[in-house]
Amino acid sequence: MKKYVKKVIALGLMGAMLLTGCGSSKSDVAGTSDAAETEEWEATDTEESAAAEWEVAEEAPAEEWDGGNYEAEEKAVNSAADLCEDVAGSEEAKSYLESCYEYEPIPEVHSNEEYSEWEEKGFTSVQNEPLSTFSADVDTASYSNLRRLIREGYDLDMMPEGAVRIEEMINYFSYDYEDPKGSDPFGVTTQISSCPWNEEAELLMVGLKTEDINYDQAPPSNLVFLLDVSGSMYSDDKLPLLQEAFGLLAENLTEKDRVSIVTYAGDDQIVLKGAKGNQTKKIKKALNSLEADGSTNGSAGIETAYALAESYFIEGGNNRVIIATDGDLNVGLTTEEELEDLITEKKESGIFLSVLGFGTGNIKDNKMETLADKGNGNYAYIDCLREANKVLVEEMSATLLTICKDVKFQVEFNPAVVESYRLLGYENRALAKEDFNDDTKDAGEIGAGHSVTALYEIVLKEPLDGSMSEEEINRLKYSDEYKKEYGEEKITSRAAMKEWLTISIRYKKPSEEESNLLEYPVGYECYTNKPSDDFIFVAAVAEFGLLASHSAYPEDASVKHVEKALNSIRLNDEYKEEFLELVEETEL
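I will try to describe carefully the structure that is included in this document. (Residues numbered from 1 in each chain as written. Predicted model: local features only at pLDDT ≥ 70, side-chain atom pairs only at ≥ 80, totals over all residues. Heavy atoms only, no water.)

**As for the sheet that holds strand E7 (residues 268-276)**
Alright, step 1. Taken in spatial order, the 6 strands of this open sheet run E7-E6-E5-E8-E9-E10, and their pairing is mixed. The open sheet has two edge strands, E7 and strand E10 (377-382), and neither has a second partner. The average undirected angle you get between the axes of adjacent strands in this sheet is 15 degrees.
Alright, step 2. As judged from the 7 bridges shared by strand E5 (residues 221-228) and strand E6 (residues 258-264), these two strands associate in the parallel manner. By the bridge assignment for E6, Val 224 is matched with Ser 260. (Pairing = 2+ DSSP bridges. Helix = DSSP H or I, 4+ residues; strand = E, 2+ residues; numbered from the N terminus. Axes fitted to C-alpha atoms, helices over the stretch in contact; angles between N-to-C directions.)

Encoded structure:
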């Protein structure tokens, strides 16, 4: 293709000069046409000469275009290119002509990729809707997919609609949140400070963290690897990467675990049944024997995988199907609605689900997200071996061991303090307020060692005026004199005196169907002018997400501001450092 592009550009340059009268002397066009012997430019003679050389190239035998010699073509192209170079003359003219045809390489558009779209919600009046209800989400696929797109050359304006989910971006990273206390399944961290991109709002961070356990201490696992080996999985970033990724997982399983492998293409096939987790060579041999070919009957594979998981079901254990695919299901049940019905039925078996997405150009993010959301599962996108190691080794317990299911949040805002609010992300996780107390309504799952973060922009009814709270004044040595001087009513603002909101969380234990309720009031005591590094980092990720998702409410968000925030804190792990590199790359 490069040869043809070169030819077209060269002839385009020549045509441009003919139209504009470039070159008026004999010396400028010497050697291009026998007719160019006069002082005047003979346009027709030049055109005939170029056309003649073009015809030579066009008449070359077909085989010469495929690995043969390209002398005729090169002759025509070089002649036109030489003409342009001679006519350009000075450095100034040459630079101008070259600049006319300079272009930035455009990354390949992945037209076959599919993403779900949703309607972004703006600020909501507390008076009209005091309750904000949504399902927990620990999926991380959107971030690693965004990273892949940026590395392929996409800028933020080019991101496909629906590809960027802010909640998955902020939940990709680990934070130093409070650990669980007593019998609570998770610790809760709350912090409020000024919103970096919206001077009229404050930013509320709510962070949950479950107990991190060593996988050796986890109950036995019954795992079924459901692997897509259809023709669309042929490329290096699909099946070969999948085989390496599951090989890493196999190296970390134990004797108490059981592993089965089901593949699907035009039909499904059981490759391995109930192998012990410490039979690493046997598992890897089965993985390495796989080859990609055929159509994609994913629904048949799902049926077989769940049936196999049920046959090796471990009471009190971790029973899970792990689907690895690009999501391109083209045989059997293929629509999001059909897959949702199928997987919703299967989750009643007590078998959990993990979905791992692979590949570029053909990924069906919408279908993979549906499978994870409706199948009591989580969804990660594997774009490289390091990401596979993060998901399947470093975060093995979080990925494979669910400790809380159907986790729901409901935040009630105090209308005396908060005027309006906006939840960042979670659009496709929104629940009706009545769903919160309905234990039949499905919600998100959280694994061991997972953290979940939610951010709200909140606009206060009365802006903070710097006044001290009653508790702060009472701690003063001269508190009585302070009160006498300023008067009780003028000491504090209403925001400092009252609760701002209450966070309610419902969850179920993995083997139970009745939920438990936890409540956490939040007020001025959570406000700080010096937010933590975690707060600054998660706010920076969200701000970048506003830009990448083409938010209608970016306010003053900018990549430069995100970069400045990240450089102001200590980035304490390689994944946070990598995020800064991505931000810097979009600035180039």
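Resuming the write-up.
**Considering a negative patch on the surface**
Alright, step 1. A cluster of acidic residues, Glu 337, Glu 338, Asp 341, Glu 345 and Glu 348, forms a negative patch on the protein surface.
Alright, step 2. For Glu 348, the position within the fold is in the loop between helix H10 (336-346) and strand E9 (352-358). (Patch = residues over 30% accessible without salt bridge, like charges linked within 9 Å, V, L, I, M, F, W, Y side chains within 5 Å. Areas by Shrake-Rupley, 256 points an atom, 1.4 Å probe, with all protein chains shown as cover. Salt bridge = Lys/Arg side-chain N within 4 Å of Asp/Glu carboxyl O. Lys, Arg positive; Asp, Glu negative; His and termini not counted. Charge placed at Lys NZ, Arg CZ, Asp CG, Glu CD.)

**What to know about the packing of aromatic side chains**
Alright, step 1. Enumeration according to the criterion identifies 20 aromatic pairs in this entry.
Alright, step 2. Geometrically, the ring pair formed by Phe 186 and Tyr 507 is edge-to-face, given 5.7 Å between the ring centres and 70 degrees between the ring planes. Linking Phe 186 in strand E3 (residues 186-194) with Tyr 507 in strand E15 (residues 499-508), this pair joins segments that are 321 residues apart in sequence. Here Phe 186 and Tyr 507 have matching classes, each one buried.
Alright, step 3. With a centroid separation of 6.3 Å and an interplanar angle of 5 degrees, the aromatic rings of Tyr 524 and Tyr 527 are classed as stacked.
Alright, step 4. Taking the relative accessible area as the measure of exposure, Tyr 527 reaches 18% and is therefore buried. (Phe/Tyr/Trp six-rings, centres within 6.5 Å; stacked < 30°, edge-to-face > 60°. Buried < 20%, exposed > 50% of the residue type's maximum accessible area, 1.4 Å probe, protein only.)

**Quick word on the pairing of E5**
Alright, step 1. Counting buried residues in E5 gives 8 out of 8 residues, a clear majority hidden from the surface.
Alright, step 2. Side chains Ser 221, Leu 223, Phe 225 and Leu 227 of E5 all project onto a buried face; the interleaved residues Asn 222, Val 224, Leu 226 and Asp 228 project onto the opposite face, where all are buried too.
Alright, step 3. With 7 bridges joining them, E5 and strand E8 (residues 318-325) adopt parallel strand pairing. From the neighbouring strand, Val 224 faces E8, where its bridge partner is Val 321.
Alright, step 4. With respect to chirality, the unit in which E5 leads through helix H7 (residues 239-250) into the neighbouring parallel E6 is right-handed. (Right-handed = clockwise from strand over helix to strand, strands pointing away.)

**Structural notes on the packing of helix H5 (residues 141-151) against helix H20 (residues 574-587)**
Alright, step 1. Packing of H5 against H20 leaves a shortest axis separation of 11 Å and a crossing angle of 40 degrees. Classified by the angle their axes make, H5 and H20 are oblique. Judged by the sense of rotation from one axis to the other, the crossing of H5 with H20 is left-handed. Each of Tyr 143, Arg 147, Ile 150 and Arg 151 in H5 lies in contact with H20, whose residues at this interface are Tyr 575, Glu 578, Phe 579, Leu 582, Glu 585 and Thr 586. (Parallel < 35°, antiparallel > 145°, perpendicular 65-115°, else oblique. Left-handed = near helix turned anticlockwise from the far one by under 90°. Contact = heavy atoms within 4.5 Å.)

**Things to note about the side chain of Thr 402**
Alright, step 1. Position of Thr 402 relative to the elements: it lies in strand E11 (residues 402-413).
Alright, step 2. Apart from residues lying up to four places away in sequence, Thr 402 is in contact with Arg 320, Phe 352, Glu 445, Ile 446, Gly 447 and Pro 510.

**Structural notes on the pattern of salt bridges**
Alright, step 1. Under the criterion given, the structure shown has 27 salt bridges.
Alright, step 2. Lys 209 is the partner of Asp 179 in a salt bridge, and the nearest nitrogen-oxygen pair spans 3.3 Å. Of this pair, Asp 179 sits in the loop between helix H6 (166-170) and E3 while Lys 209 sits in strand E4 (residues 202-210), and the two are 30 residues apart along the sequence.
Alright, step 3. The partner of Asp 534 in a salt bridge is Lys 576, and the shortest N-O contact between them spans 3.6 Å. With Asp 534 in helix H18 (residues 533-548) and Lys 576 in helix H20, this pair connects stretches of sequence that are 42 residues apart.

**A word on unusual backbone geometry**
Alright, step 1. Here the phi dihedral of Asn 376 falls at roughly 55 degrees; this positive angle occurs in a residue that is not glycine.
Alright, step 2. Tracing the backbone through its elements, the reader meets Asn 376 in the loop between helix H11 (365-374) and E10.
Alright, step 3. Given the relative accessible area of 8%, Asn 376 is considered buried.
Alright, step 4. The phi dihedral of Tyr 426 falls on the positive side, at around 65 degrees, and the residue is not glycine.
Alright, step 5. Structurally, the position occupied by Tyr 426 is in the loop between strand E12 (418-423) and strand E13 (444-447).
Alright, step 6. Look at Tyr 426 and you get buried, because its relative accessible area is 1%.

**Re the packing of helix H12 (residues 385-394) against H20**
Between two packed helices, both the angle of their axes relative to each other and the distance between the axes serve to describe the pair.
Alright, step 1. Between H12 and H20, the least distance of the axes is 13 Å, while the angle of their chain directions is 150 degrees. Here H12 is positioned roughly antiparallel relative to H20, judged by the angle of their axes. Relative to H20, the crossing made by H12 is left-handed. Each of Arg 386, Lys 390 and Glu 394 in H12 lies in contact with H20, whose residues at this interface are Glu 574, Tyr 575 and Glu 578.
Alright, step 2. Taken together, the residues that form the contact of H12 with H20 break down as 1 nonpolar, no polar and 5 charged. (Nonpolar A, V, L, I, M, F, W, Y, C, P; charged D, E, K, R; others polar.)

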